[in-house]
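# Structure assessment
Here's the letter readout for the chains.
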Amino acid sequence: MRYARIAELPGWTARFGLTIVATSLVLISAARAADIKQLTEKLPRAYIGEFLWDGDNTVQNVVITFDKVKALNEQNAEARGCGSYEVGRHVTKIGVEMFIRLSDLEVEIFERPPDGDGAFESDGSHRGKLSDDLQQIDAQWTTTASGKHGQLHLRAAASAACEPAAEL
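In this structure the tally under the stated criterion is 4 aromatic pairs. Aromatic pair tyrosine 47 and phenylalanine 66: ring centres 6.3 Å apart, planes at 70°, arrangement edge-to-face. Of the two residues, tyrosine 47 sits in strand 1 (residues 46-53) while phenylalanine 66 sits in strand 2 (residues 60-71), which places them 19 residues apart along the sequence. Neither residue differs from the other here; tyrosine 47 and phenylalanine 66 are each classed as buried. Pairing phenylalanine 51 with tryptophan 53 gives two aromatic rings, centres 5.2 Å apart and planes at 85°, and the pair type is edge-to-face. An identical accessibility class is assigned to phenylalanine 51 and tryptophan 53; each is buried. Of the aromatic side chains, those joined through ring pairs into one cluster are Phe51, Trp53 and Tyr85. The lysine or arginine in question, lysine 148, covers the ring of tryptophan 53, its NZ or CZ lying 4.4 Å from the ring centre.

Shown next, in the form of structure tokens:
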């Protein structure tokens, strides 16, 4: 039967070794907490870009803004806000919720259905990646019922609103 060699060490050496291990775990935990804090502080609050259904060349202009960003735990964050999709002169406003995994910056974005627009597809989610500098999101939409796909490409913006600016 094998046993840990730490049991053979004198008492003070074993305690010293265990203290180093415990301190390392605390420091690693603190570093991760700082990383998730940095993510929630540095995540841009606005993104703009395009969405296209696979096989369709109709570009939908997308704006997403986050008004609430928080850490859920040491490895995951949540961002909530609103969004708008514009096709031609038709604008659809939605609620948005994004989950971010710190370890690989994977994201999943859910959209709440708009009021009174039954044609807007919100039964599914965007799954993709946030760039290392947090400035881009590339994700694929998958509709839950049909499996239909579309591509979302967003870039950070200094500021944005969830609807187009009123004409002057």
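Having seen the model, we can carry on.
With that settled, consider the sheet that holds strand 1. Here 8 strands make up a closed barrel; going around it, the order is 1-2-3-4-5-6-7-8 and the pairing antiparallel. Averaged over neighbouring strand pairs, the angle between their axes works out to 30° when direction is ignored. Taken together, the 7 bridges between strand 4 (residues 90-101) and strand 5 (residues 106-112) define a ladder with antiparallel strand orientation. Bridge pairing in strand 5 places glycine 95 opposite arginine 112.

This part is about the environment of alanine 158. Following the sequence through the fold, alanine 158 ends up in the segment after strand 8 (149-156). Relative accessible area serves as the criterion here: at 90%, alanine 158 is assigned to the exposed category. Between the C-alpha atom of alanine 158 and that of isoleucine 48, which follows or precedes it by 110 residues, the distance is 9.9 Å.

Turning next to the pattern of salt bridges. All told, the structure shown has 7 salt bridges when counted by the stated rule. With a shortest N-O distance of 3.3 Å, lysine 37 and glutamate 41 are connected by a salt bridge. Here glutamate 41 and lysine 37 lie together in helix 1 (residues 11-42), a separation of 4 residues that amounts to about one turn. Between glutamate 78 and lysine 70 there is a salt bridge, with its nearest N and O atoms 3.8 Å apart. Assessed through its relative accessible area of 46%, lysine 70 is described here as partly exposed. A single salt-bridge network, built from bridges that share partners, covers Lys70, Glu78, Arg80 and Glu97.

Within the secondary structure layout, aspartate 54 lies in the loop between strand 1 and strand 2. Accessibility expressed as a relative area gives 42% for aspartate 54, which makes it partly exposed. For the pair aspartate 54 and glutamine 140, spaced 86 residues apart in the sequence, the C-alpha separation amounts to 9.7 Å. If near-sequence neighbours (up to four positions away) are discounted, aspartate 54 is found in contact with His149, Gly150 and Gln151.

Attention now moves to unusual backbone geometry. Excluding glycine, a negative phi dihedral is what most residues carry, and trans is how most peptide bonds are arranged. The phi angle at leucine 105 is positive, at roughly 60°, despite the residue not being glycine. For leucine 105, the location among the structural elements is in the loop between strand 4 and strand 5. Its relative accessible area of 10% is what places leucine 105 among the buried residues. One non-glycine residue with positive phi stands out, namely leucine 134, at about 70°. Here leucine 134 is to be found in the loop between strand 6 (124-130) and strand 7 (136-143).

Let us now look at the confidence of the model for the protein. The predicted model of the protein has a mean per-residue pLDDT of 82, with 74% of residues at 70 or higher. Put simply, helix 1 is where the protein has its lowest mean pLDDT, 59, and strand 8 is where it has its highest, 98. The low-confidence segment residues 21-33 (pLDDT under 50) makes 4 contacts with residues lying over four places distant or belonging to another chain.

How each quantity is defined
Residues numbered from 1 in each chain as written. Predicted model: local features only at pLDDT ≥ 70, side-chain atom pairs only at ≥ 80, totals over all residues. Heavy atoms only, no water. Phe/Tyr/Trp six-rings, centres within 6.5 Å; stacked < 30°, edge-to-face > 60°. Helix = DSSP H or I, 4+ residues; strand = E, 2+ residues; numbered from the N terminus. Buried < 20%, exposed > 50% of the residue type's maximum accessible area, 1.4 Å probe, protein only. Lys NZ or Arg CZ within 6 Å of the ring centre and 35° of its normal. Pairing = 2+ DSSP bridges. Axes fitted to C-alpha atoms, helices over the stretch in contact; angles between N-to-C directions. Salt bridge = Lys/Arg side-chain N within 4 Å of Asp/Glu carboxyl O. Contact = heavy atoms within 4.5 Å. pLDDT = per-residue confidence, 0-100.

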